[in-house]
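Survey of secondary and tertiary structure
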Amino acid sequence: MEEPESKKQINEECIINRLPGDLIERIFFRLPVSTLLTCRGVCKQWQNFIRDPQFAASHLQLAPSYALLFFPQGLVSGVLYPSDAILIDEAWSPSTCAVPVIGPDDFLFGSCNGLLGSYTKTSTIKIANLATGECLHLEKPSKNVKGDHYCFYSFGFHPVTKEYKITHFLGDCVNGRPHNKDRFNIIQVYTLGDEKWKDIRTPEPLSLISVRNSGVVNVDGKMYWLTEDMLVSWQHAVISFDLSEESFATIQLPAEREDQDRYGPRKFWIREMHGKICILTAQPSRYDPRALLGELQIWTLENTVEQQRWSKKYNIKNPPNYIPGPHSVHRDRIMTQLYNSVCSYELFSENFEIDLSKKLKLFDSKPRWMYNMQSYIVVKSLVSLDVYKKAGIVRRPKQQVGWELKKWKAWEDKRREAEDIRYRVHKHEHALFGNAEKMGKMYQSLQDKPHDVAERLRAELNQVLQDMPHNPSQPKSPRRLNWVEQKQDYEKLMARSVKLKERAQVMKQAHDNILSIIASFKSDKVNFCGFKLLNYPCFLQQPASLLLVSFLATCLICHNNEAN
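Residues numbered from 1 in each chain as written. Predicted model: local features only at pLDDT ≥ 70, side-chain atom pairs only at ≥ 80, totals over all residues. Heavy atoms only, no water.

Closest axis-to-axis distance for the helix α2 (residues 21–29)/helix α4 (residues 44–51) pair is 12 Å, and the angle between their directions is 65 degrees. Between α2 and α4, the crossing angle belongs to the class labelled roughly perpendicular. Here α2 and α4 pass one another in a crossing that is right-handed. Between α2, through G21, E25 and F28, and α4, the contact on the second element is made entirely by W46, F49 and I50. In terms of residue class, the contact of α2 with α4 is made up of four nonpolar, one polar and one charged. (Axes fitted to C-alpha atoms, helices over the stretch in contact; angles between N-to-C directions. Helix = DSSP H or I, 4+ residues; strand = E, 2+ residues; numbered from the N terminus. Parallel < 35°, antiparallel > 145°, perpendicular 65-115°, else oblique. Left-handed = near helix turned anticlockwise from the far one by under 90°. Contact = heavy atoms within 4.5 Å. Nonpolar A, V, L, I, M, F, W, Y, C, P; charged D, E, K, R; others polar.)

On the surface, L19, L23 and I27 cluster together into a nonpolar patch covering about 200 Å² of accessible area. Residue position: I27 is located in helix α2. A relative accessible area of 34% places I27 in the partly exposed class. (Patch = residues over 30% accessible without salt bridge, like charges linked within 9 Å, V, L, I, M, F, W, Y side chains within 5 Å. Areas by Shrake-Rupley, 256 points an atom, 1.4 Å probe, with all protein chains shown as cover. Salt bridge = Lys/Arg side-chain N within 4 Å of Asp/Glu carboxyl O. Buried < 20%, exposed > 50% of the residue type's maximum accessible area, 1.4 Å probe, protein only.)

Our focus in this paragraph is the pattern of salt bridges. Counted under the stated rule, the structure contains 18 salt bridges. Between K198 and E246 there is a salt bridge whose closest N-O contact spans 3.1 Å. Of this pair, K198 sits in strand β12 (residues 198–207) while E246 sits in the loop between β15 (235–242) and β16 (248–252); the two residues are 48 residues apart in sequence, bridging distant segments of the chain. For K198, a relative accessible area of 41% puts it in the partly exposed group. Close ionic contact of R480 with E412 constitutes a salt bridge, the shortest N to O distance being 2.8 Å. Placement of the pair is R480 in the loop between α8 (452–466) and α9 (483–522) and E412 in helix α7 (residues 409–446), with a sequence separation of 68 residues. Residue R480 is classed as partly exposed on the basis of its relative accessible area, which comes to 24%. Here the residues in one salt-bridge network are E163, K165, K198 and E246, joined through shared partners.

Take the confidence of the model for the protein next. Detailed conclusions should not be drawn from predicted coordinates in areas where pLDDT is low. On average, residues of the protein score 79 in pLDDT, and 75% of them reach the 70 mark or higher. Within the protein, strand β6 (residues 115–119) carries the highest mean pLDDT (96), whereas helix α10 (residues 536–541) carries the lowest (38). Confidence over residues 524–564 falls short of pLDDT 50; this stretch has 71 contacts with residues more than four positions distant or in other chains. (pLDDT = per-residue confidence, 0-100.)

This brings us to the side chain of D106. Within the fold, D106 resides in the loop between β4 (84–88) and β5 (107–112). In this structure the side chain of D106 is engaged in a polar contact, spanning 2.8 Å, whose partner is the backbone nitrogen of G103. A distance of 2.6 Å separates polar atoms of two side chains, one belonging to D106 and the other to K126. The residues contacting D106, other than those within four sequence positions of it, are F70, S83, V101, S118, Y119, T120 and K126. (Polar contact = N/O pair within 3.5 Å; in protein donor to acceptor, adjacent residues only side chain to side chain.)

When you tally the buried positions in β6, you get five out of five residues, the bulk of the element. In β6, alternate side chains face the same way, and those of L115, G117 and Y119 on one face and L116 and S118 on the other are all buried. One ladder, built from five bridges, connects β5 with β6; its direction is antiparallel. Looking at β6, one finds that G110 is bridged to G117. Linkage of β5 to β6, two consecutive antiparallel strands, is achieved through a turn of two residues, within which N113 is found at a positive phi near 55 degrees. Pairing analysis gives five bridges linking β6 to strand β7 (residues 124–129), with the strands arranged antiparallel. (Pairing = 2+ DSSP bridges.)

This part is about the side chain of T120. Inspection of the secondary structure assignment puts T120 in the loop between β6 and β7. Not counting chain neighbours up to four residues away, the residues in contact with T120 comprise D105, D106 and K140.

Turning our attention to the packing of α2 against helix α5 (residues 53–62). Two elements in contact, α2 and α5, have axes whose closest approach is 10 Å; the angle formed by their N-to-C orientations is 50 degrees. Here α5 runs oblique to α2, going by the angle between their axes. Relative to α5, the crossing made by α2 is right-handed. Note on element contacts: α5 touches α2 through F55, S58, H59 and L62, opposite E25, F28 and F29.

Pasting the structure below:
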């Protein structure tokens, strides 16, 4: 026999590797990141091709977008719920699995090019690739700052310099303690790959409360937020911070805006919509400032070479209770929380009224509190963090993090309990299915038996067969489920367990009836000597004991053969 060809020769003769390089590239451009990660292990040529930063950048431009709905950690009726996120795809279908790179103690503060920025309660912040799972832990710019919050951080990318930057609004502090909790005059900036953070002083003290209440967005290499303009009777203005030049500018809000409504003064939020700066303004409820009343106006900022101009995009009557940020619109639908539901509404013409009956319900958000959901438009990318891992401020977590912590033990125990129930239910359903097939074959043997006892037994067996599952459910993937799917999955498991008990009761009754029929028909023809009846409590716990019913049916067939 000839010696097997070397791996190099096999690769050279691979049909796809004979194709032109640009054609292979076009094929790879259309593959999702999960498939490309698998393809990297096919051969060295593919690995080098897919790892090429230029390919990753080009693939990013064609990547489909998702809406990532983030729910931060918080107490609900005295129970601590972990941070969690749900992805909404292009078909508006919610994901079922948890996002692995978002831990139970993470607080999301930004997203760009498939990378997520998360604030943690430890001494580090985290940058992670949503698709590959690669993580980078960075030392925080200021340690032990009282009142620090994840909403004071932002994460952006400059399309010209190709640099990723994290920013932190540092409140006025003296020895690590807040000096003026309402103001800041320093923005701390870190460029991925640098050795340290640097402080950029603002032209004047700015409102920290406005940053927290109105939000921050990053568009085309600039960071934008709302502040109070002291020169115009404390009215709102937009401040921009160029991530490359690290310079500030002020943009006045549209002069045609309405600062008052019939319900009182309007509130302003800053958002991003289809790659443009967007201002939302509406009257908040007097009972909860996060709930909306009256009309919702949406203004977008048109950036041209000559000037910046505001344009009223939508005027929405009867708006939803709450519009999340920093990205409120996904594929021409606006996302919202409506009581215990997460929904979306289609955006029509400039002036329209939202019809609550036409909402698209995405999932049930109960028991999570309203008004704390964040929404991000994300992609799955091949952007690598390897090049930044040698920086001096990169850290490795020194303590237990995530689900390893004691405070999440109850959640982990419940998840393991569900997995154990799933395993046992699947095992018993599989046994039922196998025995139902055997009974089906025996039932066919009774079809042509004219005897009255056969008819009665067929009725009993048919009752059991009708109650059997057509096909046992397959075990689910071991991946962790998000909190919405976990809740639904647990309810389904409980329903399956109840159904399993009901089937066992049907089999027990059939077992009793079959014994009674056979015994009353001709006790001297079928020998049950030495045979013991089932222990009923055990029977209810062991559905696989349907084999006994099969045995009785076999006895009946043998008896009928003797009679004939």
